[in-house]
Amino acid sequence: MDLTPPHLAGWDAELRSALEDLQLDRWRCAKQLLRDTGYDWPLRTSRSQALAVGAAKCQAIEAWLAEEPDDWDALMMWARVLTQRVLNARRDGVSGQRLVRAVHAASAVCKTAADRWREDPVPFVCFVALAQVDTDPRSPHTWMNWASKRGDMLPPGPWELLEWVHQRDPYSREAYHRMLQVFQARGRGGMDFAQWAASVAPEGSALKVLPLYAAVEEYRRQTAQKRTVGTIAYWASEVRAYYAKQALTDWFDQTKPHMRSLLDLNHLAYVLTATGVGNAAEVFEAIGPYVTTAPWALVTENVHWWQDQFRSARNRALSERGRR
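These notes cover the structure that comes with them. Keep in mind it's a predicted model, so treat the numbers as computed, not measured.

Details of the overall build of the protein chain
Then step 1. When helices and strands are tallied, the protein chain shows 17 helices and zero strands.
Then step 2. Seen along its three principal axes, the alpha-carbon backbone of the protein chain occupies a region of about 55 × 45 × 35 Å.
Then step 3. A total of 324 residues make up the protein chain; the buried ones form 52% of that total.
Then step 4. Across the protein chain, contacts joining residues at least 24 apart in sequence account for 65% of those joining residues at least 6 apart.

Focus: the side chain of Thr 37
Then step 1. Summarising the element assignment, Thr 37 is placed in helix H2 (residues 28–37).
Then step 2. Only 2.7 Å separates the side chain of Thr 37 from the backbone oxygen of Leu 33, close enough to count as a polar contact.
Then step 3. At a separation of 2.8 Å, a polar atom in the side chain of Thr 37 contacts the side chain of Arg 47.
Then step 4. In this structure Thr 37 touches Leu 43, Arg 44 and Arg 47, once residues within four positions along its chain are discounted.

Considering the nonpolar core
Then step 1. Leu 51, Phe 193, Leu 268, Val 283, Phe 284 and Trp 296 are the most contacted members of the largest nonpolar core, which has 103 residues in total.
Then step 2. Among the elements that take part in this core, helix H5 (residues 72–91) stands out by supplying eleven residues, more than any other.
Then step 3. If sequence neighbours within four positions are ignored, Leu 268 has contacts with Leu 212, Ala 244, Ala 247, Leu 248, Trp 251, Phe 252 and Val 283.

Quick look at helix H3 (residues 41–55)
Each α-helix turn comprises 3.6 residues. Residues three or four places apart therefore point the same way.
Then step 1. The terminal C-alpha atoms of H3, which comprises 15 residues, lie 20 Å apart, in line with the 21 Å expected from a rise of 1.5 Å per residue.
Then step 2. Where H3 is concerned, the buried positions are Trp 41, Arg 44, Thr 45, Arg 47, Ser 48, Ala 50, Leu 51, Ala 52, Gly 54 and Ala 55.

Details of the packing of aromatic side chains
Then step 1. Throughout the structure, instances matching the rule amount to 25 aromatic pairs.
Then step 2. Measuring from centroid to centroid gives 5.6 Å for Tyr 39 and Trp 117, while their planes differ by 90°, and the two rings are edge-to-face. Pair noted here: Tyr 39 is in the loop between H2 and H3 and Trp 117 is in the loop between helix H6 (96–116) and helix H7 (122–130), with a separation of 78 residues, a long-range link.
Then step 3. Taking the relative accessible area as the measure of exposure, Trp 117 reaches 15% and is therefore buried.
Then step 4. Their ring planes at 50° and their centres at 5.5 Å tell us that Phe 183 and Phe 193 sit as a pair that is tilted. Pair noted here: Phe 183 is in helix H9 (residues 173–186) and Phe 193 is in helix H10 (residues 190–200), with a separation of ten residues, a long-range link.

Let's talk about the pattern of salt bridges
Then step 1. Scanning the model with the defined rule gives 22 salt bridges in all.
Then step 2. Between Asp 21 and Arg 26 there is a salt bridge, with the nearest N and O atoms lying 3.0 Å from each other.
Then step 3. Take Asp 21: its relative accessible area is 19%, and that puts it in the buried class.
Then step 4. The class of Arg 26 is partly exposed, set by a relative accessible area of 45%.
Then step 5. With its nearest N and O atoms 3.0 Å apart, the salt bridge here joins Lys 31 to Glu 68. One end of the pair, Lys 31, is in helix H2; the other, Glu 68, is in the loop between helix H4 (60–67) and H5, with 37 residues separating them in the sequence.
Then step 6. Salt bridges here are not isolated pairs; linked through shared partners, they connect Arg 35, Arg 44, Asp 71, Asp 73 and Asp 120.

Comments concerning the side chain of Thr 275
Then step 1. Take Thr 275: it is sitting in helix H14 (residues 262–275).
Then step 2. Exposure remark for Thr 275: the relative accessible area of 15% places this residue in the buried category.
Then step 3. Among the polar contacts listed, one links the side chain of Thr 275 to the backbone nitrogen of Val 277, at a separation of 3.4 Å.

Looking at the environment of His 177
Then step 1. Assignment of secondary structure puts His 177 in helix H9.
Then step 2. Between the alpha carbons of His 177 and Lys 256 there is a distance of 21 Å; along the sequence they are 79 residues apart.
Then step 3. Beyond its immediate sequence surroundings of up to four residues, His 177 is in contact with Leu 210, Tyr 213 and Asp 264.

Some remarks on the environment of Trp 143
Then step 1. Relative to the assigned elements, Trp 143 resides in the loop between H7 and helix H8 (159–168).
Then step 2. The exposure class of Trp 143 is exposed, given its relative accessible area of 57%.
Then step 3. Taking the C-alpha atoms as reference points, Trp 143 and Cys 126, separated by 17 residues in sequence, lie 16 Å from one another.

Reading the values: the criteria
- Residues numbered from 1 in each chain as written.
- Predicted model: local features only at pLDDT ≥ 70, side-chain atom pairs only at ≥ 80, totals over all residues.
- Heavy atoms only, no water.
- Helix = DSSP H or I, 4+ residues; strand = E, 2+ residues; numbered from the N terminus.
- Buried < 20%, exposed > 50% of the residue type's maximum accessible area, 1.4 Å probe, protein only.
- Contact = heavy atoms within 4.5 Å.
- Polar contact = N/O pair within 3.5 Å; in protein donor to acceptor, adjacent residues only side chain to side chain.
- Core = buried A, V, L, I, M, F, W, Y, C linked by side-chain atoms within 4.5 Å.
- Expected span 1.5 Å × (residues − 1).
- Phe/Tyr/Trp six-rings, centres within 6.5 Å; stacked < 30°, edge-to-face > 60°.
- Salt bridge = Lys/Arg side-chain N within 4 Å of Asp/Glu carboxyl O.

In structure tokens, the structure reads:
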């Protein structure tokens, strides 16, 4: 089976068309997509995230907002784009007051968007995302990024912001992923948070997959710092095998295909094979040709080999095809 080149839209054809239009600085397709998405909060969140990534380096959303300043979707997308530009700037090494000013500008637009439509979880997801760049407790951007979680041993973080999202879209996939990224950016608490989130999430929730993301990132960092004991030794862990099995039975087996994220499927397929848990054939079949760069490119010895690693894991899983 030939692999489809990785794309932000995955198998979402309508999203793909909107992204292509954005690259031409055209926004009407994005507007219609968000209108059609309606009050499906998980879908609105995931589609607007992908649109923001695509629009961060063009002027389409600015043009939309200028032409239709009273459109709440245009304002939400402007909050999304400014947030994405902050994350891009941090990734590119921007720091100091220049980054802080960008954070405050994005936060102001997020607040305006949140005030415009209080039921929409997306602006509140943006607040959690912006907390990723608030990594120094000696000079916090806002106290809300460093609140304590009462009754748990988890580290301080944007817990109140996460709760705001949770009230509007319980167990929001992106919000909890953003929260994980906050702890990873600060260098502590990521794995504990991911395991806690998986433990409180109901069956069928994508948060059952969150510990697999935390494990992949931990492995990536250890490898980069040359501290890992090796691929086999790292993944030969009862704890990692437990969370792989849990993601398989409590998420994959409980969801319908249209409810699954391609990134989640690819992380599950990788960890099932890496830990030796196996039973990944159905997961690879659900992925089909839609491989995602992560986690494969993050865990391979040579980044140019990641598609070969995917094919090898898939071929092995399909040939073993055991029953649980």
